[in-house]
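# Analysis of the macromolecular model
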Amino acid sequence: MINDILFPEQLTADELDEYLAKGWYRMGQILFTTDYILYEELLYRVWWLRYYIPTIHFTKTHQKIITANKHFSITIKPLEITAEVEELYSHYKSSISFEVSATAKQFLFDGGSGDVYDTHIIEIRDNTKLIAAGIFDNGKNTIAGIMNFYHHEYKKYSLGKYLILLKINYAKAMGKQWYYPGYIVPGNRRFDYKLFIGIEIAEIWVPESNTWVNYADNWSITAQ
């Protein structure tokens, strides 16, 4: 259920920052905002999430994930949807129980004729084999995590969470201030992984007051 929607033909880094800061997010080529989603025939309230990057400090749990993946190679570069990326996405799609777009290209480019975002891809490889991909948008002072997918045979490595940690490391290196991973959905645990960075430093957007508040200090509002 979408509250509002925009079809930008061009978008500057500053403009992306402004939209993210007001509870907007990317879907395909559009920008949208919503307070509710319909998931498996149930209506859920959603809360947009963000982290102030200078306050993020990796815990022992985070470091354990990083160490477990240190033997894989990492490349971060401007997005290109190759046949190899699509093959990995197709494998990922076949291994999950929830519905996603038919292809990675459709997920990222649906709703527009070209990419108006400064989008990058993180590729994780086991030797030459592509085993995971994480895609994000760059703003001037922000990054927005758009999608992660990985090979099911490597599930034990927590590659989805590892990609989030890699995005944060990239953001720190680039001097970004905010990381936006999308929304959380109280009552639906499928989205809870976005909180593993740190519940105590997570912020949620409250549209009723047009402000961001600390999630840990205001968790009760998400149960209303």
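In what follows, the structure referred to is the one given above.
Overview of the structure. Small disclaimer: the values here were computed from a predicted structure and weren't measured.

Our focus in this paragraph is the pairing of strand E4 (residues 36–39). Residues Ile 37 and Tyr 39 of E4 are buried on one face, while the alternating residues Tyr 36 and Leu 38, pointing to the opposite face, are not. Pairing of E4 with strand E5 (residues 42–45) involves 4 bridges; the strand directions are antiparallel. Within E5, the position partnered with Ile 37 by the bridge is Tyr 44. Hairpin geometry of E4 and E5 is characterised by an intervening segment of 2 residues between the two adjacent antiparallel strands and by a positive phi of about 50 degrees at Glu 40.

The next subject is the packing of aromatic side chains. Scanning the entire structure with this criterion turns up 16 aromatic pairs. Arranged with centres 5.5 Å apart and planes meeting at 65 degrees, the rings of Tyr 19 and Trp 24 form a pair that is edge-to-face. Assessed through its relative accessible area of 27%, Tyr 19 is described here as partly exposed. An aromatic cluster of at least three residues, connected via ring pairs, comprises Tyr 25, Phe 32, Trp 48, Tyr 183 and Phe 191. Positioned above the aromatic ring of Phe 196 is the side chain of Lys 161, whose terminal nitrogen or guanidinium carbon lies 5.2 Å from the ring centre. A cation sits over an aromatic face here: Lys 172 above Phe 58, 5.2 Å from the ring centre.

Another point: the packing of helix H2 (residues 60–68) against helix H5 (residues 159–173). Closest axis-to-axis distance for the H2/H5 pair is 10 Å, and the angle between their directions is 105 degrees. As summarised for this structure, H2 and H5 are arranged roughly perpendicular, according to the angle between their axes. Where H2 abuts H5, its residues His 62, Ile 65 and Ile 66 lie against Lys 161, Tyr 162 and Leu 165. Residues of the contact of H2 with H5, tallied by class, amount to 4 nonpolar, 1 polar and 1 charged.

Looking now at the nonpolar core. Soluble globular proteins: nonpolar side chains tend toward being buried together. Judged by nonpolar contacts, the single largest core of 74 residues is most densely connected at Tyr 51, Ile 124, Phe 149, Leu 159 and Ile 197. Broken down by element, this core gets its largest block of residues, 9 residues, from H5. Apart from the residues lying within four places of it in its own chain, the contact partners of Tyr 51 are Ile 56, Gln 177, Trp 178, Tyr 179, Pro 181, Lys 194, Leu 195, Phe 196, Ile 197, Gly 198, Ile 201 and Ala 202.

Quick look at helix H1 (residues 13–20) now. Turning to H1, its buried residues number three or more, namely Leu 16, Asp 17 and Leu 20. Looking straight down H1, one finds its buried side chains confined to an arc of 100 degrees; they lie on one side. Its buried side turned inward, H1 meets strand E2 (25–27), strand E9 (129–138), strand E10 (142–150), strand E11 (178–184) and strand E13 (211–214).

Scanning all chains against the criterion turns up 8 salt bridges. The partner of Arg 45 in a salt bridge is Glu 208, and the shortest N-O contact between them spans 3.0 Å. Of this pair, Arg 45 sits in strand E5 while Glu 208 is found in the loop between strand E12 (202–206) and E13, placing the two residues 163 residues apart along the sequence. Classification of Arg 45 as buried rests on a relative accessible area of 16%. Residue class for Glu 208 comes out exposed when judged on its relative accessible area of 57%. One salt bridge connects Lys 77 with Glu 123, and the closest N-O pair in it is separated by 3.6 Å. Remark: Glu 123 occurs in strand E8 (residues 118–126) and Lys 77 occurs in strand E7 (residues 73–78); sequence separation between them is 46 residues. On the basis of relative accessible area, Lys 77 is assigned to the partly exposed category, the value being 31%.

Rules used in this analysis
Residues numbered from 1 in each chain as written. Predicted model: local features only at pLDDT ≥ 70, side-chain atom pairs only at ≥ 80, totals over all residues. Heavy atoms only, no water. Buried < 20%, exposed > 50% of the residue type's maximum accessible area, 1.4 Å probe, protein only. Helix = DSSP H or I, 4+ residues; strand = E, 2+ residues; numbered from the N terminus. Pairing = 2+ DSSP bridges. Phe/Tyr/Trp six-rings, centres within 6.5 Å; stacked < 30°, edge-to-face > 60°. Lys NZ or Arg CZ within 6 Å of the ring centre and 35° of its normal. Axes fitted to C-alpha atoms, helices over the stretch in contact; angles between N-to-C directions. Parallel < 35°, antiparallel > 145°, perpendicular 65-115°, else oblique. Contact = heavy atoms within 4.5 Å. Nonpolar A, V, L, I, M, F, W, Y, C, P; charged D, E, K, R; others polar. Core = buried A, V, L, I, M, F, W, Y, C linked by side-chain atoms within 4.5 Å. Arc of directions from axis to C-beta. Salt bridge = Lys/Arg side-chain N within 4 Å of Asp/Glu carboxyl O.

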